[in-house]
Amino acid sequence: MDNCVFCKIAAGEVPSRKTHHEDNAVVSFLDINQDLPGHTLVIHTEHYRWFWEMPDEAVEKLFRAAKSVAAELKKEYGADYVRLGIVGTDVPHVHVHLIPRKFTDKAHAV
Ligand SMILES: [Zn+2]
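Residues numbered from 1 in each chain as written. Predicted model: local features only at pLDDT ≥ 70, side-chain atom pairs only at ≥ 80, totals over all residues.

**A closer look at the overall build of the protein**
And then number 1: Counting its regular elements, the protein contains two helices and five strands.
And then number 2: In the protein, the succession of helices and strands from N to C terminus is α-β-β-β-α-β-β.
And then number 3: Relative to its length of 110 residues, the protein is compact, with a C-alpha radius of gyration of 14 Å against a globular reference of 13 Å.
And then number 4: Overall, the protein is about 40 × 25 × 25 Å in size when its C-alpha atoms are taken along their principal axes. (Helix = DSSP H or I, 4+ residues; strand = E, 2+ residues; numbered from the N terminus. Rg over C-alpha atoms; globule rule 2.2 N^0.38 Å.)

**Description of the nonpolar core**
And then number 1: Counting residues in hydrophobic clusters, the biggest one holds 20 residues, and the most contacted among them are Val-42, Ile-43, Ala-66, Val-69 and Leu-98.
And then number 2: The greatest single-element share of this core, amounting to six residues, is contributed by helix α2 (residues 56-77).
And then number 3: Each residue touching Val-69, except ones within four places of it in the same chain, is listed here: Ser-28, Thr-40, Val-42 and Leu-98. (Core = buried A, V, L, I, M, F, W, Y, C linked by C-beta atoms within 7 Å. Buried ≥ 20, exposed ≤ 12 C-beta atoms within 10 Å, placed from the backbone. Contact = placed C-beta atoms within 7 Å.)

**Some details on the environment of Ala-79**
And then number 1: Looking at the secondary structure, you find Ala-79 in the loop between α2 and β4 (81-85).
And then number 2: Residues Ala-79 and Gly-38, 41 residues apart in the sequence, show an inter-C-alpha distance of 9.9 Å.
And then number 3: Sequence-distant contacts of Ala-79, that is, excluding residues within four places in its chain, are made with Leu-73, Lys-74, Pro-100, Arg-101 and Lys-102.

**Re the environment of Leu-30**
And then number 1: Inspection of the secondary structure puts Leu-30 in strand β2 (residues 26-30).
And then number 2: Taking the C-alpha atoms as reference, Leu-30 lies 9.4 Å from Leu-98; in sequence the two are 68 residues apart.

Given below as structure tokens:
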């Protein structure tokens, strides 16, 4: 989709620290606004506005990759757990937020 920054990242047109997964259908990269260190976004390379509009196969690839990236982040950042969230009101391209967290973080329940 034209003018979608995440489509541009997926296409390599915008630099990012990213990792490709499986058949290159999914890309992960550090969020430019690090709420906490390691805040990562996981996206499918095809443009969808909302996750419930995605084909099941694309959802499966996205979440399998998110699971894998979450395990990597937990290890890399020494986290107790990794928060997963999908909001979709900022950039209109489905993206999974993964945030490594510790039980001792302030407001760790969110
Ligand atoms: Zn897009």
